[in-house]
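Descriptive analysis of the structure
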Amino acid sequence: MSKIEVKNLCAEYEDKNGDFQALKDVSFSVGDGEFLSVVGASGCGKTTLLGVLQGIITPSSGSAFIDGLPITGPGTDRAAVFQHYSLFPWMTARDNVAFGIKQAKKGLSKRERHELAHVFLKKVGLSGFGHKYPFQLSGGMQQRAAIARALAMDTDILLMDEPFGAIDAKNRSNMQELLLSLWEGDGDTKKKTVLFVTHDIDEAIYLSDRVIMLGGSPGRVAAEFPVRFPRPRIHSTIRKTGEYGSLRNKLMALFYEENNGLAEEEYTI
Amino acid sequence: MKQAAKRLFIIPNALFIILLLIQLLPDKPYRVADYPQYTVALALALEALLLAGSFLLKKDGARHVFTDVMGVVFAFLIFWVLATIKLDLPGNAKQAVFPPPGAVLQKYTVDYAQTLVNIRDSLVLIFRGYLIAVALAIPLGLFLGWNARVGAAAGYISKFLGSISPIVYIPYAIVLLPTFRAASVFVIVVASFWPTLASTMSGVLNVEKRIVDSAKTLCVGRLTMLFRIILPASLPEIFIGCNQGLTISFILLVSAEMIGARSGLGYYVNNYANFGNYTNALAGVIMIGITVTAITFLFNLLRRFLLRWKQ
Ligand SMILES: Nc1ncnc2c1ncn2[C@@H]1O[C@H](COP(=O)(O)OP(=O)(O)OP(=O)(O)O)[C@@H](O)[C@H]1O
Ligand SMILES: [Mg+2]
C-alpha cells in the first residue's frame with residue numbers, strides 16, 4: 001500500500017474577485033519509504049499541494065490519504081519544512097528544535113529533548129548557535145534550524161518545500177547527504193517517506209526515486225519520471241552517464257514547454 | 001585622552017557649573033526660607049551621576065540619551081532657581097506658591113518617612129488594580145481574538161465600553177464600594193482592562209499566518225497554541241495596551257486620591273495645597289513625577305527582557 005495517496009485533488013483560494021483555482025485534478029501516490037521530488041514552475045501549486053498534505057489547506061474536491069486514511073488535519077506522523085522560515089522568533093534555535101521534539105515524541109524529559117536538539121543542530125552545522133534567536137541567524141541558518149527541527153521529530157513522513165533554497169553550495173551538499181542518511185534511517189531514526197519540492201532539477205534527480213513535474217495554472221501533474229540510479233549515488237559519477245543527460249533533458253524540455261505561456265506573461269516588461 | 005576630553009566637555013557639565021555659580025547671586029527678598037545647601041548637594045549628586053554615566057555607559061546611543069536628560073534637568077534647575085529667588089519676576093509676589101528647589105528639597109529630608117508611606121500606599125493600589133486587569137484582560141483577549149466569531153462581536157462591545165472615560169466611574173465607585181481603597185482598585189481595573197484587552201485581541205488577529213501554520217503542523221494542543229504560540233507572537237502589541245493602561249492608572253489614581261483618599265501621593269499634594277503649604281505640595285508633585293518615571297523605566301526593562309527575541 002502506498003504511504004501517501006492523492007486522488008483528483010483540487011484546491012482553491014478565496015480571492016477578492018472570485019475563487020482562484022491553484023490545483024486541478026492532481027493524482028499521484030508515494031510508496032512507503034519512497035523519496036519523491038516535485039518540480040515545477042513558480043506558482044504552479046507546489047506549496048499548495050504540501051499545504052493539503054500538512055493538513056492546513058482543505059481541498060475543494062478530491063482527497064489525500066495517508067496510510068489509507070483521509071487527511072483531516074495536521075498530524076505528528078508528518079514533519080514539515082516550509083518554504084519560508086517557520087521558526088518561532090521568540091524561541092532560541094535550540095528551543096525551536098526541542099519544541100518540535102516535544103510535540104512529536106512524548107515521554108522524553110526536558111533534558112533529553114535539549115540533548116537531542118543539540119545533536120540535530122550539530123548535524124546541520126549549527127552546533128555553536130543553539131542559544132541564538134532566529135533574528136540573530138542568517139536566512140540559510142534559519143532554514144537549517146527549521147530542517148533540524150523537522151528531522152529531529154523523526155516522523156514517518158517528511159514534507160519539504162524548497163528546504164535548501166537559501167543554503168550555499170557546500171552546506172547544501174552536506175544537507176543533501178544528511179537528508180539521505182536520515183531518510184534511509186540510521187540506528188536512531190526510522191526509514192522515512194519524503195516528499196521534496198525543489199526548483200533544482202539536478203537536485204531532484206540526485207536525491208529521488210521518482211520525480212513529478214507539476215505544470216500549468218491551475219497546476220496538475222504534467223509528467224512523472226522514475227530515477228533508477230543505484231544508491232548510494234555519487235553526484236559526479238551519475239552526472240557522466242547518458243541516462244542522466246537524457247533524463248535531465250526531458251525534464252528541462254518539459255519544464256519549458258509547460259511554462260512557455262506563463263513565462264512570457266510574467267516577464268513582459 | 002582625547003576620548004575622555006570628548007566625554008568631559010559637554011553642555012550638561014557646563015550647565016552644572018552655571019547652576020553652582022548662580023547660587024552666588026544675591027537673593028531677592030523672600031518670605032519662604034530657602035536652603036541653598038540642598039540645591040548644591042543635589043547638583044553635586046547629579047553631577048556625580050552624570051560623570052559616572054558618561055564614562056561607564058559604553059553604547060553611544062544610550063550615553064547620549066542619558067547626558068541629554070541630565071542636561072535638561074540642570075537647565076530646569078537653573079531656571080527654577082533664577083525664577084524663584086534670583087530674578088525679579090512679576091510672579092515673585094506669589095513666592096509662597098513657587099518655592100525654590102532648596103526649600104522643596106529640605107521638605108524631603110524632613111518628610112521622607114511620610115513621603116515613602118504615601119508612595120507605598122499609591123503603588124499598592126496601582127499594582128493590585130493593574131495586575132487584576134492584566135491577569136483578566138490578556139487571557140480573555142487571547143481567547144476572544146483566537147475565536148474570531150466571538151471576537152468580532154466582543155471587539156465592538158469593548159470599543160464602546162473602552163471609549164467611556166473611566167473618570168466617570170470614580171464617583172459611583174466611591175459611593176458603591178465600602179472603602180476608598182476598594183473603589184480606587186476598581187477604577188484602576190476598569191481603566192487598564194480595556195486597552196489591554198483591545199491590544200491583546202488585535203495582537204492575536206495580527207499574528208502571521210505562517211507562524212500559526214507552523215504551529216498547526218506541529219499539532220500543538222489548544223492551550224499550548226494560546227500560551228506558547230499566540231501569546232508570545234502577540235506580546236509586542238499586548239505591551240502597547242499594557243503601557244497605556246499603566247499610564248491611565250496613574251493619572252486616575254492620583255485624581256481619585258485628590259478627591260477622596262486619606263493617604264497616597266494625590267492626597268499628599270491636595271492636602272498640603274488646601275492648607276496653603278505649596279512647598280510640600282510641590283514636593284509631592286515632583287515625587288509623583290519621579291515615581292511614575294521609575295515605574296515606567298522598570299516596565300520598559302521588563303518589556304525589553306520579554307521581547308529580547310525581537311530585532
Ligand atoms: N493565500 C493565497 N491566496 C490566494 N492565492 C494564493 C495563495 N497562496 C497561493 N496562491 C496562488 O496559488 C498559486 C499556487 O501557489 P503556490 O504557493 O502553491 O505555488 P508554488 O508552486 O509553491 O510556487 P513557488 O515555486 O514560487 O513557491 C499561485 O498562483 C498563487 O498566486
Ligand atoms: Mg512554493
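Note that the structure is a prediction, hence the values are computed from the model and not measured. (Residues numbered from 1 in each chain as written. Chains lettered and ligands numbered in written order. Predicted model: local features only at pLDDT ≥ 70, side-chain atom pairs only at ≥ 80, totals over all residues. Heavy atoms only, no water.)

1. Considering the overall build of chain B
Stated formally: Per the convention used, a helix needs a DSSP run of H or I reaching at least four residues, while a strand needs a run of E reaching at least two, with both numbered from the N terminus. Classification of residues uses two cut-offs on accessible area relative to the type maximum, computed with a 1.4 Å probe and protein chains only: under 20% is buried, over 50% is exposed, and between them is partly exposed. Contacts: residue pairs with any heavy atoms within 4.5 Å of one another. For every accessible area listed, the method is Shrake-Rupley and the probe measures 1.4 Å; residues are considered covered only by the protein chains on display. In this tally, Lys and Arg are treated as positive and Asp and Glu as negative; His is ignored, and so are the chain termini. The atom standing in for a charge is NZ when the residue is Lys, CZ when it is Arg, CG when it is Asp and CD when it is Glu.
In terms of helices and strands, chain B carries 12 helices and zero strands. For chain B, the sequential pattern of α-helices and β-strands runs α-α-α-α-α-α-α-α-α-α-α-α. Seen along its three principal axes, the alpha-carbon backbone of chain B occupies a region of about 75 × 60 × 30 Å. For chain B, the residues scored as buried account for 43% of the 311 residues in total. Considering only residue pairs separated by 6 or more positions, chain B has 77% of its internal contacts joining residues 24 or more positions apart. Surface accessibility of chain B: about 16800 Å² in total, with carbon and sulfur atoms responsible for 72%. Averaged over its 26 positive side-chain charges, chain B has a centre that lies 10 Å from the centre of its 12 negative ones.

2. Quick word on the pairing of strand β2 (residues 18-31) of chain A
Side chains on a regular strand alternate between the two faces of the sheet. All names here are of chain A. Convention followed: Strands were regarded as paired on the criterion that DSSP finds at least two bridges between them.
Bridge count for strand β1 (residues 2-15) against β2 is 10 bridges, and the pairing is antiparallel. By the bridge assignment, Val6 is partnered in β2 with Phe28. Where β1 hands over to β2, the hairpin turn is made up of two residues, counted between the paired strands.

3. Describing the interface of chain B and chain A
To keep things clear, this is the line we draw: Two parts placed together each lose some accessible area under a 1.4 Å probe, and the buried area is that loss summed for both. Salt bridges are defined as contacts in which a side-chain nitrogen from Lys or Arg sits within 4 Å of a carboxyl oxygen from Asp or Glu. Polar contact criterion, stated in full: a pair of N or O atoms within 3.5 Å, where within protein one must be able to donate a hydrogen and the other to accept it, and residues adjacent in sequence count only if both atoms are side-chain atoms.
Taken together, the 20 residues of chain B in the interface contact 22 residues of chain A. Buried surface at the junction of chain B and chain A, summed over both partners, amounts to about 1900 Å²; 69% is from carbon and sulfur atoms. Contact with chain A buries area across many residues of chain B, yet Thr217, Leu218 and Trp309 of chain B alone supply 35% of it, more than any other trio. The interface formed by chain B and chain A holds zero salt bridges in total. Between chain B and chain A we count six residue pairs in polar contact (both at pLDDT 80 or more) in total.

4. Describing the site of ligand 1
All names here are of chain A. Inclusion rule: To be near a molecule or strand, a residue needs just one of its heavy atoms within 4 Å of it.
Neighbouring ligand 1 are 14 residues, the closest being Ser42, Lys46, Thr47, Thr48 and Gln83. One of the backbone N or O atoms of Gly45 is found 3.0 Å from an oxygen atom in ligand 1. Thr47 is positioned with one of its side-chain polar atoms (N or O) 2.5 Å from an oxygen atom of ligand 1. If you list the elements that add at least two residues to the shell around ligand 1, you get β2 and α1 (46-54).

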